[in-house]
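Residue-level structure breakdown
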Amino acid sequence: MFTTRLLRLGSILSLIASFFLVPFTMPTQAAELRPNIIVILADDLGWADLGCYGSSFHQTPHLDRMAREGIRFTDAYAACTVCSPTRAALMTGKAPARLHLTDFIPGRTILSDQKLRRPDFRLQLPLEEETLAERLRGQGYRTACLGKWHLGGAGFEATHQGFELATPDIAGFRRMAPFRPGSQAGPVPGLLPAEEGEELSSVLTRSAIHFIDETKDAPFFLYLPHVSVHIPLHGRPDLVEKHRKRAGSLEGGQTNAIYAAMLESLDEGVGKIMAHLRERKLDRNTLVIFTSDNGGLSVKEGPNTPATSNAPLRAGKGYLYEGGLRVPLIAWWPGTIASGRTESTPVITMDVHVTLLELAGLDATALAVDGRSLASTLKGNVAPAARPLFWHYPHYSNQGGRPGGVMRDGQYKLIEFYESGYLELYDLAATPGETRNLATEMPDRANGMARQLNEWRKSVSAQMPVRNTNYVQVPLRPELDGTIRLPGHEVIIHGVNVRYEPPAHKNTIGYWTKVEDWVSWELEVTQGGEYEVEILQGCGKGSGGSDVDVSIANQTLRFVVQDTGHFQNFVRRTLGKVHLPTGRHTLAIKPQKKPGVAVMDVREMVLKPVGVR
C-alpha cells in the first residue's frame, strides 16, 4: 500500500513538473521546426555559367550537386540588371522601383551623350525599411552578413539593418588586396584572418563556417554575398593555368580562364559549407539558397574582359535583355526539397524574401511586399502561381544599356525604351535569344503589355528620367559589314508636327503634315568611299508626289515620294549614291513641296558601302 502511494505521488510530481516545464521547452521545439537559412549571393554570375545550367567550360561540381539534390529554377530573374537594386529587393521584398533605389550605388555620372537625365534615386537602403534580417531576428534567428553589402555607407551598414554580425562593405577589398583581405588595415570584423595566398572567397567561406559553429541553441540566418565573380578578375594562379590549357583550343563563348578560376573557387566554397552542414548533421534543418544579383558581364569593361558569355541568352549585365536579368537560382534542403527537381515558372528576387519569411513562421500576407512565397513549391510539388513580372531601369548602364522598362507575361516579354518609346516584343518560348521583335506583328499584345507596364509604374510611384538639357547627339556607327543604319527611333526632329511614333502599331517617323518640318541623323563614317542611299518609306493613298531632298556631305539626292496605298505600307527604295569621307556627318531629309495631306512616313534610312577603300 505504502509503495503504491509513493508511486502515485511520484506520478503526480512528474505531471506537475512537466506542466511547469512546458513554457520553457516550447520555444526550443518551435525553433527546431524553423530551418536555418543560408543565402549565398554571387556577384555578376550569369545564368549560363554553371554546369547545371548548360556550361561545358566552367567547372562547378558542388553547385551542380546542389541542383541535383534540390530544385533548380530555369526562369529565375534578378530584380534589376545591376547589383544594388537586387540586393535591396532581397532585403525588403520590394521592387527597386518602389524603393526608388534603381541603380548601383552611387550610380553613373550623368554625361552629355545621354538623351535622358536619370532620376535622383536613393543612395542607400532607408533605415525605415524593415529588412529580412530584422524580421528573422524578431523570430529568434541569429543573423550575419559576411561579404558585399553595397546598400549604403556610414550609418547605413548591415549592422544598422538587423545583422548582429557583419563585415564592413568589402567590395573595395577585391581591388585593395585580392588574396589578403584586410591585411593592409588589420583584422576585418566578422572575418577570420587570411592565410598566406588565400583568396577572399575562401576567407568568406571559413568565416561563414565559423559563424555556423558559434551559433548555439537558436536558428541562424547567414547572408553570404560574395565579391566573386565581379571585376577586376583575379583568380588563383594554379586554377587560372589549368583553365587556360583547357581554353586553348576553344573560340568564342565561355573561354575566360581567370573567370573560370574565380568561379571554381566560389564553387569550392559552396561545397565546403554543404559538407560542413552534413558533418554537423544540420543539413536536414538548413535551407541553402544560391543565386546572383544580375546577369554575367558580357562586354569589355576593364582588363581580362568580357568575363563570360550568357548565350543562348542575349546581352548581359546592364542590359534589359535576358542575359542581363535571368540568373541561376538553386534551393537545397535535404529531406524537405525533393531532389532533382526543376521549375520553369518565372520567379524573381523578391520571392526569395517572402519565401524565407513564411518558412520562418511569419505571415507575409499583411506586409507591403512585391514578392510571392515559393514555400509550397520548395516543400511540395506545387508550381508557383503565374503572374506578370515587371522591371524599371531609368538609367544608362556602364555596359551600354539604355533606360527602359520590362514586362514578362507567360512566354512573352516586352521591353520599352524610354528615350523614344520604342517597343520590342519577344516570344521567349520561340526565341529565347530575343532575336525576332514581334511588336509590329502583334501590335495589340505589345500595346496591351505597354499599358500594363505603365500602370504598374504608376502603382509603385516609379521615378522616371527626364530630358537631359546638356545632351550632345552621339553619331550612329557602322555595322560590322560597314552598313550604316539610321532607324526612326534615333531621329532628330526639327519642326512642329513631325515626330517619331513608336511601336506597336507604328515604328515610324510620321505626322509629317508641315512641309517646313524636317529630320536628321548624326552618323560616323569609319571608312571613306561611295555609299548607296536607301529609304524605307510609306505614303497614304492620294498623298504621294512630294518632292524631298536627302542631303549629306554637301551632296543632295532628290526623289518623289511614292504612294504605297497606306502610310504603314513601306517600300524600300534606292535613291542614288554619295561619296562620304571618313568622319562625322549629318544626313537630313527636307521636303520641298507637299501636294497631299502629309509628306510620308519613314521607318529607316540605310547607307550601304559600294566603293569603300
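**A few points about the overall build of the chain**
- Of regular secondary structure, the chain possesses 13 helices and 27 strands.
- Across its three principal directions, the C-alpha atoms of the chain cover 125 × 50 × 45 Å.
- When the 613 residues of the chain are sorted by exposure, 56% land in the buried category.
- Taking the intrachain contacts of the chain between residues at least 6 apart in sequence as the baseline, contacts between residues at least 24 apart amount to 71%.
- Carbon and sulfur atoms make up 52% of the accessible area of the chain, which totals about 25,600 Å².
- Measuring between centres, the 67 positive side-chain charges of the chain sit 2 Å from its 65 negative side-chain charges.

**Observations regarding the sheet that holds strand 18 (residues 492–494)**
- Pairing in this open sheet of 5 strands is antiparallel, and the strands run 18-21-26-23-24 from one edge to the other. Each edge of the open sheet is held by one strand with a lone partner, namely strand 18 and strand 24 (555–560). Strand after strand, the sheet turns through a mean of 25° between neighbouring axes, direction not considered.
- Two elements, strand 21 (residues 518–525) and strand 26 (residues 583–593), share 7 bridges in a ladder whose sense is antiparallel.

**Some details on unusual backbone geometry**
- Cis geometry marks the peptide bond from Ile105 to Pro106, where omega comes out at 15°.
- Locating Pro106 in the fold gives a position in the loop between helix 4 (96–99) and strand 4 (116–117).
- In this chain, Ala311 is followed by Pro312 through a cis amide linkage whose omega measures 15°.
- Within the element layout of this structure, Pro312 appears in the loop between strand 8 (286–292) and helix 10 (322–325).
- Although it is not a glycine, Lys281 adopts a positive phi angle of roughly 55°.
- Position of Lys281 relative to the elements: it lies in the loop between helix 9 (257–279) and strand 8.
- We note that Ala315 has phi near 60°; this positive angle belongs to a residue other than glycine.

**Details of the pattern of salt bridges**
- Per the stated rule, a full pass over the model turns up 37 salt bridges.
- Salt-bridge contacts for Arg87 lead to Asp293; the nearest nitrogen and oxygen are separated by 2.9 Å. Of this pair, Arg87 sits in helix 3 (residues 83–92) while Asp293 sits in the loop between strand 8 and helix 10, and the two are 206 residues apart along the sequence. In this structure, Arg87 and Asp293 share a single accessibility class: buried.
- Between Glu604 and Arg485 there is a salt bridge whose closest N-O contact spans 3.3 Å. Of this pair, Glu604 sits in strand 27 (residues 601–612) while Arg485 sits in strand 17 (residues 484–487), placing them 119 residues apart in sequence.

**Remarks on the packing of helix 7 (residues 200–214) against helix 9**
- In the contact formed by helix 7 and helix 9, the axes pass within 9 Å of each other and the chain directions differ by 15°. Relative to helix 9, the element helix 7 is oriented roughly parallel. In this structure, helix 7 crosses over helix 9, and the sense of that crossing is right-handed. Within the contact between the two elements, helix 7 uses Ser201, Thr205, Ala208, Ile209, Ile212 and Asp213 and helix 9 uses Ser265, Leu266, Gly269, Lys272, Ile273, His276 and Leu277.
- A breakdown of the residues in the contact of helix 7 with helix 9 according to their chemical character gives 6 nonpolar, 5 polar and 2 charged.

**Considering the packing of aromatic side chains**
- The tally for this structure, following the rule as stated, stands at 8 aromatic pairs.
- Ring plane angle 65° and centroid distance 5.8 Å describe the contact between Trp47 and Tyr53, whose orientation is recorded as edge-to-face. The burial state of Trp47 is the same as that of Tyr53; both residues are buried.
- Aromatic pair Phe211 and Phe220: ring centres 6.0 Å apart, planes at 85°, arrangement edge-to-face.

**With respect to the pairing of strand 9 (residues 329–332)**
- Residue alternation in strand 9 divides its side chains into two sets, Leu329 and Ala331 and Ile330 and Trp332, and both sets are buried.
- Strand direction decides the pairing type here: strand 2 (residues 71–73) and strand 9, joined by 2 bridges, are antiparallel. When the bridges of strand 9 are listed, Arg72 appears paired with Ile330.
- Taken together, the 4 bridges between strand 8 and strand 9 define a ladder with antiparallel strand orientation.

**Some remarks on the packing of helix 8 (residues 237–247) against helix 9**
- Relative orientation of the contacting elements helix 8 and helix 9 amounts to 125°, with a least axis distance of 8 Å. With respect to each other, helix 8 and helix 9 are oriented oblique. Judged by the twist between their axes, the crossing of helix 8 over helix 9 is right-handed. Where helix 8 approaches helix 9, its residues Leu239, Val240, Lys242, His243 and Arg244 are matched on the opposing element by Ala257, Ile258, Ala260, Ala261, Glu264 and Ser265.
- For the contact of helix 8 with helix 9, the per-class residue count stands at 6 nonpolar, 2 polar and 3 charged.

**Re the confidence of the model for the chain**
- Summarising the model, the chain shows a mean pLDDT of 91, and 92% of its residues fall at 70 or more.
- With pLDDT under 50 throughout, residues 1–32 is counted as low confidence; its partners more than four residues away or in other chains account for 2 contacts.
- Taken together, the stretch residues 174–179 has pLDDT below 50 and engages in 25 contacts with residues farther than four places along the chain or on a different chain.

**Observations regarding helix 2 (residues 61–69)**
- All buried positions along helix 2 are accounted for by Leu63, Asp64, Met66 and Ala67. Along helix 2, the residues classed as buried sweep out an arc of 155° about the axis, all on the same side.
- Where helix 2 is buried, its residues contact strand 2, helix 9, strand 8 and strand 9.

**A closer look at the side chain of His353**
- On the secondary structure map, His353 appears in helix 11 (residues 349–359).
- Using a relative accessible area of 0% as the deciding quantity, one classes His353 as buried.
- Ignoring any residue separated from it by four or fewer positions in sequence, one finds His353 in contact with Ala89, Leu90, Met91, Thr92, Gly93, Thr131, Leu132 and Arg135.

**Here we look at the side chain of Arg87**
- Judged by relative accessible area, Arg87 falls into the buried class, the value being 0%.
- A polar contact is formed between the side chain of Arg87 and the backbone oxygen of Lys148, at a distance of 2.9 Å.
- Residue contacts for Arg87: discarding those within four places in its chain leaves Leu41, Asp43, Lys148, Trp149, His150, Leu151, Tyr223, Pro225 and Asp293.

**Observations regarding the nonpolar core**
- Core analysis: the biggest nonpolar cluster contains 69 residues, and Trp512, Trp521, Leu587, Ile589, Met600, Met605 and Leu607 have the highest contact counts within it.
- Ranked by the residues each element gives to this core, the list is headed by helix 13 (residues 443–459), at 5 residues.
- Not counting residues up to four positions away in its chain, the partners in contact with Trp521 are Leu476, Leu486, Pro487, Glu490, Val491, Ile509, His585, Thr586, Leu587, Ile589 and Met605.
- Core analysis: the next-biggest nonpolar cluster, separate from the first, contains 51 residues, Ile38, Ala261, Met274 and Leu313 among them.

**Here we look at the state of the cysteines**
- Per the stated rule, a full pass over the model turns up 0 disulfides.
- With no disulfide of its own, Cys145 has Cys83 as its nearest cysteine by sulfur position, at a separation of 14 Å.
- Judged by relative accessible area, Cys145 falls into the buried class, the value being 0%.

The rules behind each value
Residues numbered from 1 in each chain as written. Predicted model: local features only at pLDDT ≥ 70, side-chain atom pairs only at ≥ 80, totals over all residues. Heavy atoms only, no water. Helix = DSSP H or I, 4+ residues; strand = E, 2+ residues; numbered from the N terminus. Buried < 20%, exposed > 50% of the residue type's maximum accessible area, 1.4 Å probe, protein only. Contact = heavy atoms within 4.5 Å. Areas by Shrake-Rupley, 256 points an atom, 1.4 Å probe, with all protein chains shown as cover. Lys, Arg positive; Asp, Glu negative; His and termini not counted. Charge placed at Lys NZ, Arg CZ, Asp CG, Glu CD. Pairing = 2+ DSSP bridges. Axes fitted to C-alpha atoms, helices over the stretch in contact; angles between N-to-C directions. Salt bridge = Lys/Arg side-chain N within 4 Å of Asp/Glu carboxyl O. Parallel < 35°, antiparallel > 145°, perpendicular 65-115°, else oblique. Left-handed = near helix turned anticlockwise from the far one by under 90°. Nonpolar A, V, L, I, M, F, W, Y, C, P; charged D, E, K, R; others polar. Phe/Tyr/Trp six-rings, centres within 6.5 Å; stacked < 30°, edge-to-face > 60°. pLDDT = per-residue confidence, 0-100. Arc of directions from axis to C-beta. Polar contact = N/O pair within 3.5 Å; in protein donor to acceptor, adjacent residues only side chain to side chain. Core = buried A, V, L, I, M, F, W, Y, C linked by side-chain atoms within 4.5 Å. Disulfide = S-S within 2.5 Å.

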